[in-house]
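# Close look at the chain arrangement
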Amino acid sequence: GGEEPELVVTNASQDVSVELTLPPTGTLQVTAASVEEFPLPAHVIVVGRDPSPPFEAVEPWGMDPLPPGISRMMDLPVSGSDSIQLEPGEYDIVVMRGMEYDVHVESVTVISNEVVTIDATLTRVLDTAGMLCGDFHIHAAVGPDTELTDDDRVANFAAEGMEVLVPSNHAFVVDFAPMVARLGLDGWVATINSQEVTTFDYGHFGLFPMEVDPEMPNGGAFDWVGVSPTEIFEWGQQQDREMVVQINHPRAIPTPADMQN
């Protein structure tokens, strides 16, 4: 709240009582739209001028959840509008939608119990007609590789302008379609079921499209145990649909000593 810090002196075997008074928060309301005034899912970054500390100081895994100076981040829904509560202070607000649009930057002053509004107009600066932007190796909440919920993951990708989402988890087949429908993003993103085949000897392979088997606890994932890379590729070629078999981060997995040469 801009107040000067209070010095507290402690002595051995002495209790010290300090009363802290925090000011009420203010509200930041952000709306994003195209030049045609069509609402846009967009990503909002709140940069503190002090810099403001992160919203949560330290997460359970012992790492700062946000880069230095970043106070909050949020993803606007299909309505292109949402609000968050902020401590009073000076901020730079960045509204963006991936690499295909320009960026809106605006400085604001947040005051207790008051609403500050930003109406951002984002202009498309990259013509991608006839092309789609996709990520073909996305981890979902069912696995250990992300702390985000599936709804948050889908919303974040949509806000960044990603158009094809391929969830690929270790030994699980996950369908993002229910999350896309729940968030009203059917007109913005498509999703393809996938699996990251996680062999320990040969690295990780992406298989898609995979069919979800609701009767199986792993969604009907391909059983890779004892299977060679050649057999993984052959399995993909033998399915009743055209499939992609890709090698994920091929240089990131250590290989046995006799394979390194």
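So, here is what we can say about the structure in this document.

Reading the values: rules and limits
Residues numbered from 1 in each chain as written. Predicted model: local features only at pLDDT ≥ 70, side-chain atom pairs only at ≥ 80, totals over all residues. Heavy atoms only, no water. Helix = DSSP H or I, 4+ residues; strand = E, 2+ residues; numbered from the N terminus. Buried < 20%, exposed > 50% of the residue type's maximum accessible area, 1.4 Å probe, protein only. Contact = heavy atoms within 4.5 Å. Areas by Shrake-Rupley, 256 points an atom, 1.4 Å probe, with all protein chains shown as cover. Salt bridge = Lys/Arg side-chain N within 4 Å of Asp/Glu carboxyl O. Polar contact = N/O pair within 3.5 Å; in protein donor to acceptor, adjacent residues only side chain to side chain.

## Comments concerning the overall build of the chain
- Helix and strand content of the chain: three helices and 13 strands.
- By residue count, 37% of the 261 residues in the chain fall in the buried class.
- Put simply, of all contacts in the chain between residues at least 6 apart along the chain, 67% involve residues at least 24 apart.
- Working note: accessible area of the chain is about 15500 Å², and carbon and sulfur atoms make up 54% of it.

## Regarding the pattern of salt bridges
- A complete count under the given rule lists five salt bridges for this structure.
- The salt bridge involving Arg49 is made with Asp92; its shortest N-O contact spans 3.0 Å. Of the two residues, Arg49 is situated in the loop between strand S2 (43–48) and strand S3 (70–75) and Asp92 in strand S5 (residues 89–96); the sequence distance between them amounts to 43 residues.
- Put simply, Glu100 and Arg124 hold a salt bridge, and the shortest N to O gap is 2.6 Å. Taken together, the residues span a long stretch of sequence, with Glu100 in the loop between S5 and strand S6 (104–110) and Arg124 in the loop between strand S7 (115–122) and strand S8 (134–138) at a distance of 24 residues.
- One network of salt bridges, with partners in common, ties together Glu211, Asp240 and Arg241.

## Comments concerning helix H1 (residues 150–159)
- Of all the 10 residues making up H1, seven are buried; the element is thus mostly covered by neighbouring parts of the structure.
- For H1, the set of buried residues is Asp150, Arg153, Val154, Ala155, Phe157, Ala158 and Ala159.
- In the core, the buried residues of H1 are packed alongside S2, S3, S5, S8, strand S9 (164–167) and helix H2 (177–182).
- Taken from the residues just after H1, Gly161 is the one with a positive phi, measuring 85°.

## A look at the environment of Asp92
- Along the sequence, Asp92 and Thr109 sit 17 residues apart, while their C-alpha atoms lie 8.9 Å from each other.
- When neighbours within four sequence positions are excluded, Asp92 is seen to be in contact with Ile45, Val46, Val47, Arg49, Glu106 and Ser107.
- In this structure the side chain of Asp92 is engaged in a polar contact, spanning 2.6 Å, whose partner is the side chain of Ser107.

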